[in-house]
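# Coordinate inspection notes
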Amino acid sequence: MTCPDLRAELTRLHLELPRNGLVTWTSGNISARHGELMVIKPSGVTFEDLTPDSMVVTDLHANVVEGAFSPSSDTATHAYIYRHLPHVGGIVHTHSPYATAWAANAREIPCVLTAMADEFGGPIPCGEFALIGGEEIGAEVVRVLRGHRSPAIILKNHGVFTIGSTPRAALKAAVMCEDVARTVFLACQLGNVQRIAQEHIDRLYDRYQGVYGQRPGTLTPGKGTA
Ligand SMILES: [Zn+2]
């Protein structure tokens, strides 16, 4: 069996989607790059029923290489992103409710929280409408995120895609995206949200991406950072 460790990790990471309120029923999926291949959720399987064996391995043109199930209906999108963004090692897709509410309005999420400047380096962009099934969504994700600081994009009338150097990093971006989408939505109910000046966004982003957190090898398992 190809890449058993990656299959096991993806199975664990998928359980974080319902745990964080990002998905309903079988919607939402995570994939990981494995050289010239990728591992992705099988289509239509509930998160509780996922096992390492059930994960599907495809090439980067969405052709199944290994697996008893059909791959996620978003496989062509994931494959397109891996082919065109070589630094991406993991991708997450959800229809998480607050972020998708912004998508239904075709509005980017403005950068009005320091946590957004830290993680996304500015607003979370909103891409154009694209049909599911082929490579249109992948092309739109790549068009918007290539050269962009944000690891997250909301797609008009659809939902969220996040990218990362690892599937865990992409998952973190998906969780953070929904969190800030909710807070900024609530803030908008109170009146006019206040955007952070670009120079402050730049300083926050540089600090967070450069020096925040623990030095490699010093993080105690089980202890998060705050
Ligand atoms: Zn979707």
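Preceding this paragraph is the structure being described.
Notes on the structure in this doc start here. (Residues numbered from 1 in each chain as written. Predicted model: local features only at pLDDT ≥ 70, side-chain atom pairs only at ≥ 80, totals over all residues.)

## A closer look at the overall build of the chain
The helix and strand inventory of the chain stands at seven helices and eight strands. Principal-axis analysis of the C-alpha atoms gives the chain an extent of 50 × 45 × 30 Å. The burial tally for the chain puts 40% of its 226 residues in the buried class. (Helix = DSSP H or I, 4+ residues; strand = E, 2+ residues; numbered from the N terminus. Buried ≥ 20, exposed ≤ 12 C-beta atoms within 10 Å, placed from the backbone.)

## Details of the pairing of strand 8 (residues 159–164)
Extensive coverage of strand 8 is indicated by the burial of six of its six residues. When strand 5 (residues 90–94) meets strand 8, the two strands line up antiparallel, connected through five bridges. When the sheet's bridge partners are listed, Ile-91 is paired in strand 8 with Ile-163. In the sheet, strand 7 (residues 152–155) pairs with strand 8 via four bridges, with the strands oriented antiparallel. (Pairing = 2+ DSSP bridges.)

## Quick notes on the sheet that holds strand 7
An order of 4-3-2-1-5-8-7-6 is seen for the eight strands of this open sheet, with the pairing classed as mixed. Both outer strands of the open sheet, strand 4 (64–66) and strand 6 (126–127), are each paired with one neighbouring strand and no more. Looking at chain direction, strand 1 (residues 29–34) and strand 5 are connected through four bridges and run antiparallel. Looking across to strand 5, one finds that Ala-32 is bridged to Gly-90.

## Observations concerning helix 5 (residues 136–145)
If you check which residues of helix 5 are buried, you get Ile-137, Gly-138, Glu-140, Val-141, Val-142 and Leu-145. Lining the buried residues of helix 5 we find helix 2 (75–84), strand 6, strand 7 and strand 8. (Contact = placed C-beta atoms within 7 Å.)

## Things to note about the environment of Pro-52
Its location among the elements puts Pro-52 in the loop between strand 2 (37–40) and strand 3 (56–59). Once the C-alpha coordinates of Pro-52 and Arg-7 are considered, the two residues, 45 residues apart in sequence, prove to be 4.7 Å apart. Setting aside residues no more than four positions away along its own chain, Pro-52 makes contact with Pro-4, Arg-7, Ala-8 and Thr-11.

## Quick notes on the packing of helix 2 against helix 5
The N-to-C vectors of helix 2 and helix 5 enclose an angle of 40 degrees; their axes lie 7 Å apart at closest approach. In the crossing of helix 2 with helix 5, the sense of the turn from one axis to the other is right-handed. From helix 2, Ala-76, Thr-77, Tyr-80, Ile-81 and His-84 reach across to helix 5, where they touch Ile-137, Gly-138, Ala-139, Val-141 and Val-142. Its residues placed into classes, the contact of helix 2 with helix 5 shows seven nonpolar, three polar and no charged. (Axes fitted to C-alpha atoms, helices over the stretch in contact; angles between N-to-C directions. Left-handed = near helix turned anticlockwise from the far one by under 90°. Nonpolar A, V, L, I, M, F, W, Y, C, P; charged D, E, K, R; others polar.)

## Digging into the environment of Met-116
Structurally, Met-116 can be placed in helix 4 (residues 114–120). With 24 residues separating them along the chain, Met-116 and Glu-140 place their C-alpha atoms 22 Å apart. For Met-116, the contacting residues outside a window of four places in its chain are Cys-111 and Val-180.

## Structural notes on helix 3 (residues 97–104)
Along helix 3, the residues that are buried comprise Tyr-98, Ala-99, Thr-100, Trp-102 and Ala-103. Its buried side turned inward, helix 3 meets strand 6, strand 7, strand 8 and helix 6 (167–190). Count one or two residues on from helix 3 and you reach Ala-106, which has phi positive near 55 degrees.

## Regarding the packing of helix 3 against helix 6
Interaxial distance between helix 3 and helix 6 falls to 7 Å at its minimum, and their mutual angle equals 65 degrees. Viewed along their axes, helix 3 and helix 6 adopt a mutual orientation that is roughly perpendicular. Taken as a pair, helix 3 and helix 6 cross one another with a handedness that is left-handed. Contact residues: helix 3 offers Tyr-98, Ala-99, Ala-101 and Trp-102, while helix 6 offers Cys-177, Glu-178, Ala-181, Arg-182 and Phe-185. Within the contact of helix 3 with helix 6, the residues separate by chemical class into seven nonpolar, no polar and two charged. (Parallel < 35°, antiparallel > 145°, perpendicular 65-115°, else oblique.)

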